[in-house]
Amino acid sequence: MADEDDVRRIALALDDVEEIPSDGFDFRVGGRGFVWSYPDREGGRRVIRTDIAVLFVGDEAEKQALLLGEPDLFFTTPSYDGLAYVLVRLERVDAARLEELVTDAWRMRA
């Protein structure tokens, strides 16, 4: 089981990463986001969910492979339709897999 501290530790260990001030976490490389906490809507207001990470995956094919292959771990919402991002349930991913996912996202954005 991973959490926002694991995301932060992994992201900040990568080269040239900048953490953007946020109520949760938000990491960029070269000005391009690769992992951040999910901005949800509850009762008409924006709520930052640090138990869910938004992760850059490169393209729609990779997104669909993750969504179909591991639906208990990955999901999406209509606001991410057509975009190369998946949402990751942090409580369902171990630290080693999270490190692989975050590092891959960073590599594609660096």
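Bear in mind that the values here come from a model prediction, so they are computed numbers and not experimental data.

Asker: Sorry if this is basic, but what is going on with the sheet that holds strand β3 (residues 32-42) here?
Answerer: Whether parallel or antiparallel, the strands of a sheet pair through hydrogen bonds between backbone atoms. Strand order in the open sheet made by the 6 strands is β1-β2-β3-β4-β6-β5, with antiparallel pairing throughout. Each having just a single partner strand, β1 (17-19) and β5 (74-75) make up the two edges of the open sheet. Of the pairings in the sheet, the one linking β3 to strand β4 (residues 45-56) comprises 8 bridges and is antiparallel in character. Within the sheet, the bridge partner assigned to Val35 lies in β4 and is Leu55. Packed on one face of the sheet, helix α2 (residues 60-69) meets β5 and β6 (85-89) and runs near 30 degrees to β6.

Asker: Before we go on, may I ask you to explain the packing of helix α1 (residues 4-12) against helix α3 (residues 95-109) in this structure?
Answerer: Two quantities define a packed helix pair, namely the angle between the helix axes and the distance between the axes. Close contact between α1 and α3 brings their axes to 10 Å; oriented N to C, the two are set at 50 degrees. Regarding the angle of α1 to α3, the classification is oblique. Like other packed secondary-structure pairs, α1 and α3 cross with a definite hand, here right-handed. Each of Asp6, Val7, Arg9, Ile10 and Ala11 in α1 lies in contact with α3, whose residues at this interface are Ala95, Leu98, Glu99, Val102 and Thr103. Of the residues contributing to the contact of α1 with α3, the split by class is 6 nonpolar, 1 polar and 3 charged.

Asker: Explain the environment of Asp104 here, please?
Answerer: Take Asp104: it is sitting in helix α3. Judged by its relative accessible area of 31%, Asp104 is partly exposed. Sequence separation between Asp104 and Arg41 is 63 residues, and the spatial gap between their C-alpha atoms is 28 Å. One polar contact links Asp104 to Arg107, side chain to side chain, over a distance of 3.0 Å.

Here is what the cut-offs are and how they apply
Just so you know, the residues in each chain are numbered from 1, in the order the chain's sequence is written. Whole-chain, interface and lining totals are the exception, using all residues; otherwise, since this is a predicted model, local features are given only for residues with pLDDT of at least 70 and side-chain atom pairs are given and counted only at 80 or more. As a convention, hydrogens and water are excluded, and side-chain values are obtained from all of the structure's heavy atoms. Only strands that DSSP links by at least two bridges are regarded as paired with each other. Strands are runs of DSSP state E lasting at least 2 residues, helices are runs of H or I lasting at least 4, and numbering of each runs from the N terminus. Any two residues whose heavy atoms approach within 4.5 Å are treated as being in contact. Axis definition: a line fitted to C-alpha atoms, limited for helices to the stretch in contact. Angles are taken between N-to-C directions and run from 0 to 180 degrees. The labels follow the angle: roughly parallel below 35 degrees, roughly antiparallel above 145, roughly perpendicular from 65 to 115, and oblique for the rest. Crossing handedness follows the turn of the near helix against the far one: under a right angle anticlockwise gives a left-handed crossing, and clockwise gives a right-handed one. Polarity classes work like this: nonpolar for Ala, Val, Leu, Ile, Met, Phe, Trp, Tyr, Cys and Pro, charged for Asp, Glu, Lys and Arg, and polar for all others, with Gly in that last group. Burial classes follow relative accessibility: with a 1.4 Å probe on protein chains only, a residue under 20% of its type's maximum area counts as buried, one over 50% as exposed, and anything between as partly exposed. Throughout this description, a polar contact denotes any pair of N or O atoms lying within 3.5 Å of each other; where both atoms belong to protein, one of them has to be capable of donating a hydrogen while the other can accept it, and for residues adjacent in sequence the pair is counted only when both atoms sit in side chains.

All quantities given are derived from atomic positions and should not be read as evidence of function.
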